[in-house]
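Here is how the chains run, residue by residue.
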Amino acid sequence: MEAAAYLDHSSLTGDCNDVRMVLQTAAGLTPGGFVAHPVFYNGAMMRPDVAAAGLRALVEIASTRYVKTIAEIRASLDPIVTAQGDRLRCEAFSACNGVYARLDLLGDSFDAHATLGFGTTNIDINPPLQVALASIQRGAYLHLRVGPNQVAMDMPRGSFIERKVAMPERWIRALAETQSIASAFEHRVTLTPVQWRRFMNELPTSSAGAGSSLWLIPTGGTLRQTSCPVPESIPLAGSARLRSTRRLQHLVELVRIYAPPVRHDTPSAPAAWEFLLPGARLTLMLSPEPYRGFSGEGAVLAALSAATKDDGATLSELLAWDAAIDLAALSEETGYSAERICGGLQVLATTGQVGFDLAEQSYFHRQLPFSEARLERNYPRLEAARTLAAAGCISPCGDQLKVVSGERTYFVRLDVDPPSCTCAFWIKHKDSRGPCKHLLAARLYLG
Amino acid sequence: MMDLEVLLQEGTARELLDRCLSWSEKERSAAYKRIRTYWKEAKKSGATYAFTERPDLARIQARLAIVNILASPSPKAALEIPLPSDRVSLDLFGEWRTVMEAEFRSGVLEAIAWHDREWAAEYVALSTQTKAVLDIDIGVTLALIEAFELPWPDGANFYRIWAAHLSGLCGRLGIDGVSSEASAKEVLDQLHLDEDHQVVIKPLPSQTQLAAWTAVTNLDRLFEGLFRHPNAMPGFFGRDIRHYPKPFAHLVAALFMNGKFDRVRFVACALAALTRCDAVASQRFQVDMLNAAQPSTSELAPHIDLLLGLLATGHSITAATAQRLLRAADSEKRLPLGTFVSACQTVFARKDKGLHAEQLAWAEARVKVDGKLARECLVGVTVALQLEDLSLQKRAIRALRKHGAKLNDEERAVCRQELDLARTALADELYREALEILGGPIADYQDRCLVVTNEPLVPCGNSKLKRVVYPDRIDVATVAELYAQSQVEYSRITHEPLIYAVLDLAKPDSAVAEEALSMLSSYEYRFLSLWQLARYRGLSGLSIHCSTWHFESVLAARDLELARAIKSRAPHPLISRPDWDNGSIDAATLVDRLRRLQVADQEAPPVDLFVALLRSTQPSEDELAALYALRTRQAKIAAEFFAAGGMSQMTTSWQVVPSAGGSQKPEVMVALRGLAVAPAIPGIPLHWADGCPASQNCGGYGDSDDPRLASLLPNHGETLFAMYIWDFRKASHDEYPTFGKTIPQVLRSFLHARGPAGAATHLAVLFSLSGNYDETRIAASDALLEVIAQDRYDSDLACDLVTACIGSGTVKVTRLAKSLGQATAAAGAAQVLWPLVCSAVAAVLAQQTSLSGAHDLLALASRIARRLGKRDVIPHLSAAAATSSGSKLVAEARQLHKLLEG
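Parameters at a glance
- Residues numbered from 1 in each chain as written.
- Chains lettered and ligands numbered in written order.
- Predicted model: local features only at pLDDT ≥ 70, side-chain atom pairs only at ≥ 80, totals over all residues.
- Heavy atoms only, no water.
- Helix = DSSP H or I, 4+ residues; strand = E, 2+ residues; numbered from the N terminus.
- Buried < 20%, exposed > 50% of the residue type's maximum accessible area, 1.4 Å probe, protein only.
- Areas by Shrake-Rupley, 256 points an atom, 1.4 Å probe, with all protein chains shown as cover.
- Pairing = 2+ DSSP bridges.
- Axes fitted to C-alpha atoms, helices over the stretch in contact; angles between N-to-C directions.
- Contact = heavy atoms within 4.5 Å.

**Section: the overall build of chain B**
At step 1: Helix and strand counts for chain B stand at 46 helices and five strands.
At step 2: When burial is assessed residue by residue, chain B has 57% of its 902 residues classed as buried.
At step 3: Per element, the accessible surface of chain B, about 37200 Å² overall, is 52% carbon and sulfur.

See below:
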């Protein structure tokens, strides 16, 4: 899946009353193994308008760079699609990697007589398809095929569409971070459609780029905007990053907002916005600040330092595109403690195999064809910490731990909240980007 | 035969071609190397920049390009010496000035044609498919495409430059620009190759612009390219598409009349472009082009769903056009059933009031028709009840009352669902009225209101002061920790312990000083300016006190003084070290520190003493006596200053002045009374202590966003606000639309400073409530709540000020209403702010002419009155409610009057 080709462009044909949409798939993994172009669904959609608007919102996010960075990263329009038997999850990140979007098309969206498969792949979304999606309305009949019309063998050589699907490396890292961040979220508030529209209409519009960074306080019937955090407030870093949901405003049935606990001195925090649509859910997760991509958040590092690759491999054997991973059942099967199970899942997450569903408060499984060698490549901080711990660079020093790294000496304190270090990384970021290598090394030292 | 060097300087294109075409392969290769070397050196020396500005140099570049094309081994190499195109003139003037003469253009064409078709195709592809803006000659490119029948390029660069090329036909920024005729000639000098690759120059067919445009070939392809590439559009109008000439749309409309475009295709392209939701300016252009095409309803019929989508996603101007076109289609019965309800749901989910009113007007016209369409229309009308606009809600209910009987049971149930959704937005009496029409039980209000309410009144957490903690033991780790604190929250007073630590480390006997200092200075992140001063400026001979000593210069002066002490390893005991996290020093502490100096027979440096006096609380009688008893020079200065009242001598008063701070309009401003007795510290200038009349700018030299400023006057926030009041005024002033971006930080920072809040504090918050930026207004709402939470809010003063501000037009009522709406939404704030809202309402009603946004303010007052069950009398309200006008303002006035009368 890292660099595969499509058989054809995804397309939408027919008139407004009888539309056939073919979403071309790249190579993917299924329960049967590696398949060049898997077919996950072939049947009618019960709410074509929802599916079309949701996909458009997803692709708009994937193609948008909310913050202009010096190094412009190429946007990837092709969402990751995971079929889990009763639902289809489409996931993507914004071009700046600061917004994670997932469209879950649930059972009610699909024809009861058609079958949904299992597997994970990328689908082709192209600009003409985006325009065509805009014309699908509620009353239309939409036949959706996720997968090519013909299997790969039937295609004559040379008729492949040569556009390669290279899933960005940052997506893999960001997938691991988002599930870790999301699992620490609390459900903060639910908005009715009217309250949601009112809130959106009151959002600042004047700021360019990612928009204003605000804190929202639930108050009688609406979300009051403030410029400073208070306990119970909800972070909204970059109000313009919610703009893509305007396509769905008339379809929204309920909006749930999730966020981590906030203190007076919290500089910034991520949050997730879940839009309940008829037969579907769209979840947007916003990074703590518009210029911060998820791939560098370091949220998964602490858990990884306590986990082993073997645990991940054991769990991987037991998972098969589960829509909701049953932790208790896994614990029973493996005999592992709950903590060890979570650590193992984090190891799997580093290769994109685990996501987190906020609505169901559970992990879900997807399988991407990436090896565990990525663990070393994608998490150099963890590797550096392991090297420090193995080299015996750590020693107790009063109520602190002394970490000698090269020519410098750092002091780590694990008995305070949050644990602290005297290195430049911690001074700059504190605990907002995960622990520094010295803190990780200290944890490894203490076992 | 002339030498190549000479030919490059003054040869004709023909001479160059004749010379180069006679080359052997070896000569060609040698020439290529020479040309490349020459170009590299020219680029290195910067000489190539002048090529596009001077015609003589442009000719040299053209000659170089011709030779390079002929000598290059590949098209990619040929493009490395660009044609003397017009990118510079395009960027500078937004107008195309062709600098390549026809002779050289023909030379370039012949040079390219000398290679084969594939070579030419690759040359065109490479020069047009680039993402970056690249100089290309449109005449050459178009001629190559036509001569070799090449596929049309798809790159944005091609369409952008082509559009820029043609924009000369409109003149610079207007169709009737003076340069249009000359540019038209250039454009119409289209080059074509005949069978022998000879250049044929087309004659100019007409002098009129329409005729000139009509003569342009492939115009439809250009527009398709422009619609396909949002980034290509600015090409037409120079750098900024916002300035494109409106008459251009008329020209396009006229071209449609001349049959220049395929309307069906053009409309499809324009609509496809609009679904992309480009930048607003681009959407405006696309909409204008769509309108210029004047599509018929039959031509729009296949695009109804796209138009419906644009209602949700487009900018206001796009949505308004989509709404108009849909309504036109509806009037000819071309709208599928269900579309109208979708349109209502979409439009009423937006915030554009104009669209709401238009949708309701469409519904009112439609509902008069009998049958299913009318019944469907009523369902759509019910959606309007979710809007918070009273007049629209009333119009919707009126339509329901008039035609509700037409609804069948199923439709009535759908309407009921919409009504239940609107429960929280509707006043009780309107909800009951709608319920009476539609029937059914009363919806459970609580079920629909899912939002929890547990908000604290204080939004920023600044209300309680905390003591500054100074470390007992200074070591490297402590300094690093303190440094980290200053990084995390630089805006507060946390850098003071660091100064303390650094000063302590700077003592000659400090064991860890060297290590700590080297560690601190190794960080590249921002640090106290004293380090910058110490490292970059040097310390010798630099005077602390410059002639233009603004108040904020105290900060720099103190840093410099400290830096000198650290550098000399003779740190003084810092008497201006704060006790509290807003910078305040207890008077008792100050007395104690001066006593220690007396015992040690030392004196504090002048700026340190001055800052200590600014930061100190007003001493009690006993403390004052203790100061006098010390009998040192500095203690006497302090005692005399505090005996006269200290900084409390600087008082404020507000007044309306005919003009102030450069503004020629009436302004509500603050006068600052000076110090009768100033601290007479040698070397400290005191002109700032003279105060300032209301008509002048007291301070505000652009440094009010220094986060440490509030810590200079921690007990006299009112003085601080008065000194910088003009900064706040600018943040809401029409003449300074870009001011105010730092106001949120300044407000937060200044509110750390305490003391009684007077006219300046209240006025600064009021100005900010009507600030230019959303962020300013949100911060101002927080600041208002903060002042209330600090128990410093003076309701009577705020009411007087808001009346004066509205009366003088100093604040914008629309913005004020929105900000007050945010502030009153906080738990408990509505009760405190009710008098302020009433005063604002009275002030807007007292105006001779209706102020923009006045009805929003009245609607806010109604919401609060309903929530709090207020019974009150607001001046001018009964008179306004009794007016027979049907305006929104009067409707809201009646509503409010009714509520307040009970």
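**Overview of the sheet that holds strand E14 (residues 213-219) of chain A**
Strands belonging to one sheet form pairs held by backbone hydrogen bonds; the direction of such a pair is parallel or antiparallel.
Residues and elements named next belong to chain A.
At step 1: Sheet architecture is open: three strands sit in the order E15-E14-E16, paired in antiparallel fashion. Looking at which strands have only one partner, the edges of the open sheet turn out to be strand E15 (222-226) and strand E16 (234-237). The mean angle between the axes of side-by-side strands here comes to 35°, regardless of whether they run parallel or antiparallel.
At step 2: Bridging between E14 and E16 involves four bridges; their strand directions are antiparallel. Counterpart to Trp215 in the pairing with E16 is Pro235.

**So, the side chain of His403 of chain B**
Residues and elements named next belong to chain B.
At step 1: Inspection of the secondary structure puts His403 in helix H23 (residues 390-403).
At step 2: With relative accessibility at 11%, the residue His403 sits in the buried group.
At step 3: Filtering out sequence-adjacent residues up to four positions away, His403 remains in contact with Val367, Lys368 and Leu378.

**Description of the environment of Pro606 of chain B**
Residue and element names in this part refer to chain B.
At step 1: For Pro606, the location among the structural elements is in helix H33 (residues 606-615).
At step 2: Residues Pro606 and Glu561, spaced 45 residues apart in sequence, show a C-alpha to C-alpha distance of 8.8 Å.
At step 3: Contact partners of Pro606, with chain neighbours within four places excluded, come to Glu561, Ile681, Pro682 and Ile684.

**Side note on the pairing of strand E18 (residues 271-277) of chain A**
All names here are of chain A.
At step 1: Counted residue by residue, E18 has seven buried out of seven residues, so it is predominantly covered.
At step 2: Residue alternation in E18 divides its side chains into two sets, Ala271, Trp273, Phe275 and Leu277 and Ala272, Glu274 and Leu276, and both sets are buried.
At step 3: In the sheet, strand E17 (residues 254-259) pairs with E18 via five bridges, with the strands oriented antiparallel. Bridge assignment links Ile257 to a residue of E18, and that residue is Trp273.
At step 4: Across seven bridges, E18 lies against strand E19 (residues 280-286) in antiparallel orientation. Bridging from a neighbouring strand, Glu274 pairs with Thr283 of E19.
At step 5: Linkage of E18 to E19, two consecutive antiparallel strands, is achieved through a turn of two residues, within which Gly279 is found at a positive phi near 75°.

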